[in-house]
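Understanding the architecture of this molecule
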Amino acid sequence: MNRQWRIARYPRADEALGPAHFNWVEQAVPSPGEGEFLVRTLGLAPGPAQRGYLSPGHSAFYGTVPVGEVMRGRGVGEVVASRHPEYIPGDIFSGSLGWQDYSVQRPRGAEFVFSTRRIAAPLRPLPTTTLGMLGQAGATAWFGLVEAGAFRPGDHVLVSAAAGGVGSMAGQIARLKGAARTVGIAGTSEKCRWLCADLGFDAAINYRTENLGERLRELFPRGIDLFFDNVGGEVLNQALANLAQGARVAVCGYIATDYAAQPGAGPANYRFLVYQRARMQGFVVFDYWQRFSEPEAALTAWYQDGTLQDCEDLEEGLEKMPDILASLFTGGNRGVRLCRVAPDPAHLPLLVRGGR
């Protein structure tokens, strides 16, 4: 049977996302038609943007998923049946598989090139290498720093939501590429300790218990050179007031305001972009889809030699997906959130972790 999570209803603007918004159903495994292939889902990568699929008119990249349809979600899987000459059983495939065990896929046109990708030399564990630290999460952090943030060795770097998936990778990449100082912002003392003790951040700020403005002035006496922002809202506003001359702000997300019941005011401190001749640039990782081999090579080498620390939060079981997605909005995750749906094919080579 093909187990699926389908949309039951959309959450209200002021309502927490949860299992009540999904229905668990089972159907027969579909068969591929001419030019199609069947993929068995092995892992899924929940992300905050997925709530936009349940918010009519909200998602800027995909339309809202209709009530009754399978929840959309990016994943990695194995081709198990094919009627397409270029895809054969055993191939590893990454794309929009949905919250289900099996999906029928077909190659997309050039305008959807970011949606589908056959993995040329797959390694176990697949969630790590294709969706997590060495895959899309790592690539997002990499291109946000290198392209949108124009990272330079010696930069003093600030990362918001630093204990989240992309943030925990961004801080490590900045450190490994030669940042003079890397500071993370998180919401609990335990997460702040983890950032410094395990991931190598130089300092961390608990925005719930500490005065953010005071701590930024203390930790960045000459200003922030590069701010990697996943949050927006007041955190962004405080960071803007502490920029160094020529600073760069890379905007990855805005989870603090994205699903608020009422639209919030813009940052009052945007004038510091003028004062400090700074720039603020948004980015979308799929714009760099054809260049994913760059971060994959660097991150894999760091992982193998032990300098890139594990920062994944892996759950087991498709049945947990509604709770996993909801945890991204409550601070319940630490690191790159992933869900393993089925075991990796045993014949794939195993990625060896440094020191193991």
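Look up a bit, the structure's there.
Residues numbered from 1 in each chain as written. Predicted model: local features only at pLDDT ≥ 70, side-chain atom pairs only at ≥ 80, totals over all residues. Heavy atoms only, no water.

What follows is about the overall build of the chain. When helices and strands are counted, the chain shows 10 helices and 15 strands. Radius of gyration (C-alpha) of the chain: 20 Å, near the 21 Å computed for a compact globule of 356 residues. Across its three principal directions, the C-alpha atoms of the chain cover 60 × 45 × 35 Å. The burial tally for the chain puts 54% of its 356 residues in the buried class. Accessible area for the chain stands at about 15,200 Å²; split by element, carbon and sulfur atoms hold 51% of it. If the 35 positive side-chain charges of the chain are averaged to one point and the 35 negative ones to another, these points end up 3 Å apart. (Helix = DSSP H or I, 4+ residues; strand = E, 2+ residues; numbered from the N terminus. Rg over C-alpha atoms; globule rule 2.2 N^0.38 Å. Buried < 20%, exposed > 50% of the residue type's maximum accessible area, 1.4 Å probe, protein only. Areas by Shrake-Rupley, 256 points an atom, 1.4 Å probe, with all protein chains shown as cover. Lys, Arg positive; Asp, Glu negative; His and termini not counted. Charge placed at Lys NZ, Arg CZ, Asp CG, Glu CD.)

With respect to the helices, strands and loops of the structure, Gly18 is situated in the loop between strand 1 (2-7) and strand 2 (22-27). It is 34 Å that separates the C-alpha atoms of Gly18 and Thr300, two residues lying 282 residues apart in sequence. In this structure Gly18 touches Pro322 and Ala326, once residues within four positions along its chain are discounted. (Contact = heavy atoms within 4.5 Å.)

This paragraph deals with unusual backbone geometry. Arg124 connects to Pro125 through a cis peptide bond whose omega is 0°. Here Pro125 is to be found in the loop between strand 7 (116-118) and helix 1 (126-131). Although it is not a glycine, Ala161 adopts a positive phi angle of roughly 45°. Its location among the elements puts Ala161 in the loop between strand 8 (156-159) and helix 3 (165-176).

In this section: the sheet that holds strand 10 (residues 203-206). Taken in spatial order, the 6 strands of this open sheet run 10-9-8-11-12-13, and their pairing is parallel. At either margin of the open sheet sits one strand with a lone partner, and together these are strand 10 and strand 13 (279-282). Across the sheet, the mean angle separating the axes of adjacent strands is 15° when strand polarity is ignored. Judged from the 4 bridges that link them, strand 9 (residues 181-186) and strand 10 form a sheet pairing that is parallel. By the bridge assignment, Gly184 is partnered in strand 10 with Ala204. Most of the contacts of helix 3 go to strand 8, to which it runs at about 170°, and overall it touches strand 8, strand 9 and strand 11 (224-229). (Pairing = 2+ DSSP bridges. Axes fitted to C-alpha atoms, helices over the stretch in contact; angles between N-to-C directions.)

Another point: the nonpolar core. With 52 residues, the main nonpolar core has Met133, Leu145, Met169, Ile173, Leu195 and Leu308 as its most contacted residues. Within the residue set of this core, elements represented by two or more residues are helix 1, helix 2 (136-148), strand 8, helix 3, helix 4 (189-197), strand 11, helix 9 (293-305) and strand 15 (336-340). With sequence-adjacent residues up to four places away left out, Met169 is seen in contact with Met133, Gly138, Ala141, Leu299, Leu308, Cys311 and Val336. Counting 22 residues, the second largest nonpolar core, distinct from the first, contains Leu158, Leu216, Val235 and Leu243. (Core = buried A, V, L, I, M, F, W, Y, C linked by side-chain atoms within 4.5 Å.)

It is worth spelling out helix 3 at this point. Taking 1.5 Å as the rise per residue, helix 3 with 12 residues should run 16 Å; its terminal C-alpha atoms sit 17 Å apart, in good agreement. In terms of burial, helix 3 is largely enclosed, as 9 of its 12 residues are buried. (Expected span 1.5 Å × (residues − 1).)

Here we come to the pattern of salt bridges. Summed over all chains, the structure comprises 20 salt bridges. With its nearest N and O atoms 3.7 Å apart, the salt bridge here joins Arg353 to Asp310. Remark: Asp310 occurs in the loop between helix 9 and strand 14 (312-316) and Arg353 occurs in the segment after strand 15; sequence separation between them is 43 residues. For Arg353, a relative accessible area of 6% translates into the label buried. Assessed through its relative accessible area of 36%, Asp310 is described here as partly exposed. With its nearest N and O atoms 3.3 Å apart, the salt bridge here joins Asp313 to Arg337. Placement of the pair is Asp313 in strand 14 and Arg337 in strand 15, with a sequence separation of 24 residues. Arg337 shares its class with Asp313; the two are buried. What emerges from the salt-bridge pattern is a single network uniting Asp313, Glu315, Lys320 and Arg337. (Salt bridge = Lys/Arg side-chain N within 4 Å of Asp/Glu carboxyl O.)

Once that is clear, we can look at the pairing of strand 11. Extensive coverage of strand 11 is indicated by the burial of 6 of its 6 residues. Looking at chain direction, strand 8 and strand 11 are connected through 3 bridges and run parallel. By the bridge assignment, Leu158 is partnered in strand 11 with Phe227. Judged from the 5 bridges that link them, strand 11 and strand 12 (residues 243-251) form a sheet pairing that is parallel. By the bridge assignment for strand 12, Phe227 is matched with Val249.

The next point concerns the packing of aromatic side chains. Enumeration according to the criterion identifies 13 aromatic pairs in this entry. Aromatic pair Trp5 and Trp24: ring centres 5.0 Å apart, planes at 65°, arrangement edge-to-face. With Trp5 in strand 1 and Trp24 in strand 2, this residue pair connects regions lying 19 residues apart in the sequence. By relative accessible area, Trp5 is classed as buried at 10%. (Phe/Tyr/Trp six-rings, centres within 6.5 Å; stacked < 30°, edge-to-face > 60°.)

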